[in-house]
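# Structural characterization, general
Residue strings, one per chain:
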Amino acid sequence: MGALRDQMIRELQLRRLALNTQKAYLEAVTNLTKHFGIAPDQLSARQLQDYLLYLMLERKLRWNSVNAICSGLAFFYRHTLKRPDLVAAMPSRRNPRQLPEILSTQELQALFAAVDDLQHRVLLMTAYGGGLRVSEVIKLRPCDIDSQRMMIHVVNGKRAKDRYTLLSVRLLAELRAYWRVYRPTAWLFPARRPEMHFNDDKARTVFNQAKAKVGIRKKGSIHLLRHCFGTHLLEAGVDLRTIQVLMGHASIATTA
């Protein structure tokens, strides 16, 4: 893409989009370019629609995956090329409203027990205990665990927002036992190189392997632990507004 790529990166940075979002948007345009073998500014509205049909019908990508690619392409044509007519050629698709399958308390206990590595087990327990996104749990620092207030401080979460969430007595005990073994400094869950935090893909792999080991067939990746956190609070009688704040949702409709 050359100059177009540089201009798109500039537009992404000016809007302060998250690094993962920037990477995904650039990848969407790069893959489009590779598919047709010509520069993306030379494509027609019909070709864009053909590409979306290819993703849906031939590659059979999931609903959310196609929507994410559309978002990247729409950003490129709207902000980099200033071509709203091409954006209009990519109709938005409604997301199906499906409730996640929730793990019971017994399933969660079995899941955690199946993880032999102490660091991996405590990472999963923290993700559930605080209702954290994977990008949030891997970037926790030891100072974010506030044992006096029994809170976890989430710094620079989604949309660069800070928040506090719950720290249970059980999780605090697990974290203290973990700290006595690992003595983490910069990051609560460091990678092999202590100056680096735990890898998000590795965290997903740990969860998937534990789920397979236990024989849990319910759908969902490590993000399922966050859904379990919110649902279990709701079942315990906590009101939706409180759950919204703890989970860091911008809209209470998302929480609901």
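Basis of the calculations
Positions within a chain are numbered from 1, following the residues in the order the chain's sequence is written. Where local features are concerned, this predicted model is filtered to residues with pLDDT of at least 70; where side-chain atom pairs are given and counted, the filter is 80 or more; whole-chain, interface and lining totals use all residues. Side-chain calculation: all heavy atoms of the structure are included, whereas hydrogens and water are not. Strand pairing is defined by DSSP finding a minimum of two bridges between the two strands. The helix and strand labels rest on DSSP assignments: H or I over at least four residues marks a helix, E over at least two residues marks a strand, and numbering proceeds from the N terminus. Residues belong to one nonpolar core when they are buried, are Ala, Val, Leu, Ile, Met, Phe, Trp, Tyr or Cys, and are joined through side-chain atoms within 4.5 Å. Exposed residues in this analysis have more than 50% of their type's maximum accessible area, buried residues have under 20%, and partly exposed residues fall in between, with area computed by a 1.4 Å probe over protein chains only. The contact criterion used is simple: two residues touch if any of their non-hydrogen atoms lie within 4.5 Å. Polar contacts here mean pairs of N or O atoms no more than 3.5 Å apart (in protein, one a potential hydrogen donor and the other a potential acceptor; neighbouring residues in sequence count only if both atoms are side-chain atoms). In summary, the charge assignment counts Lys and Arg as positive and Asp and Glu as negative, without counting His or the chain termini. Salt bridge criterion: a side-chain nitrogen from Lys or Arg within 4 Å of a carboxyl oxygen from Asp or Glu. Here the aromatic set is Phe, Tyr and Trp, taking the six-membered ring for Trp, and pairing holds for ring centres within 6.5 Å; pairs whose planes are under 30 degrees apart are stacked, those over 60 apart are edge-to-face, and all others are tilted. Interaxial angle, 0 to 180 degrees, is taken between N-to-C directions of lines fitted to C-alpha atoms, where a helix line uses only the stretch in contact. Small angles under 35 degrees read as roughly parallel and large ones over 145 as roughly antiparallel, with 65 to 115 read as roughly perpendicular and the rest as oblique. Less than a right angle of anticlockwise turn of the near helix away from the far helix marks a crossing as left-handed, whereas a clockwise turn marks it as right-handed. Amino acid classes used here: Ala, Val, Leu, Ile, Met, Phe, Trp, Tyr, Cys and Pro are nonpolar; Asp, Glu, Lys and Arg are charged; the rest, including Gly, are polar. Here the expected length of a helix is defined as 1.5 Å per residue gap, with one fewer gap than residues. As used here, the arc belongs to the directions running from the helix axis to the C-beta atoms.

## Digging into the sheet that holds strand S2 (residues 151-154)
- The strand order across the open sheet formed by 3 strands is S1-S2-S3, and the pairing between neighbours is antiparallel. Each edge of the open sheet carries a strand with a single partner, namely strand S1 (145-146) and strand S3 (163-166).
- In this structure, S2 lies alongside S3, joined through 4 bridges in antiparallel fashion. Bridge pairing in S3 links Met 151 to Leu 166.

## Observations concerning the nonpolar core
- Within the largest apolar cluster, 37 residues are counted, with the highest numbers of intra-cluster contacts made by Leu 123, Leu 124 and Phe 189.
- Residue assignment for this core shows that the elements contributing at least two residues are helix H6 (105-113), helix H7 (118-130), helix H8 (134-137), S2, helix H9 (169-182), helix H10 (200-214) and helix H11 (224-235).
- Tallying contributions element by element places H7 first for this core, with 6 residues.
- What Phe 189 contacts, discounting residues up to four positions off in sequence, is Gln 119, Val 122, Leu 123, Thr 126, Val 137, Ile 138, Leu 140, Leu 175, Tyr 178, His 197 and Phe 198.
- Counting residues in hydrophobic clusters, the runner-up holds 25 residues, among them Tyr 51, Val 66, Cys 70 and Leu 86.

## Quick look at the environment of Arg 226
- On the secondary structure map, Arg 226 appears in helix H11.
- The class of Arg 226 is buried, set by a relative accessible area of 2%.
- If we ignore the near neighbours within four places in the chain, the residues touching Arg 226 are Gly 131, Leu 132, Arg 133, Glu 136, Arg 163, Met 247 and His 249.
- A distance of 3.3 Å separates the side chain of Arg 226 from the side chain of His 249, its partner in a polar contact.

## Considerations on the side chain of Lys 211
- Structurally, Lys 211 can be placed in helix H10.
- At 7.6 Å, Glu 101 is the nearest oppositely charged side chain to Lys 211, a buried residue that forms no salt bridge.

## Some remarks on the packing of aromatic side chains
- Taken as a whole and judged by the stated rule, the model has 7 aromatic pairs.
- Ring centres of Tyr 25 and Phe 75 lie 5.7 Å apart, and the angle between their planes is 45 degrees; on these two criteria the pair is classed as tilted. With Tyr 25 in helix H2 (residues 19-36) and Phe 75 in helix H4 (residues 63-80), the pair connects residues that are 50 residues apart, well separated along the chain. Residue Tyr 25 shares its accessibility class with Phe 75, and that shared class is buried.
- Consider the rings of Tyr 178 and Phe 189, whose centres lie 5.3 Å apart with planes at 35 degrees: the pair is tilted. Here Phe 189 lies in the loop between H9 and H10 and Tyr 178 lies in helix H9, a separation of 11 residues in the sequence.

## Notes on the packing of H7 against H9
- Put simply, H7 and H9 touch, their axes get as near as 10 Å, and they point 150 degrees apart. By the angle between their axes, H7 is roughly antiparallel relative to H9. The chirality of how H7 crosses H9 is left-handed. On H9, the residues touching Leu 118, Gln 119, Val 122, Met 125, Thr 126 and Gly 129 of H7 are Arg 170, Leu 171, Glu 174, Leu 175, Ala 177, Tyr 178, Val 181 and Tyr 182.
- Looking at the contact of H7 with H9, its residues break down into 9 nonpolar, 3 polar and 2 charged.

## Quick notes on H10
- In a regular helix each residue adds 1.5 Å, so 15 residues correspond to 21 Å; H10 covers 22 Å between its end C-alpha atoms and thus fits that length.
- For H10, the full list of buried residues reads Ala 203, Val 206, Phe 207, Ala 210 and Lys 211. Seen end-on, H10 carries its buried residues on one side only, within an arc spanning 125 degrees. Away from its buried face, by an angle of more than 90 degrees, H10 presents the exposed residues Gln 209, Ala 212 and Lys 213.
- Summarising the contacts, the buried residues of H10 are in contact with H6, H7, H8 and H11.

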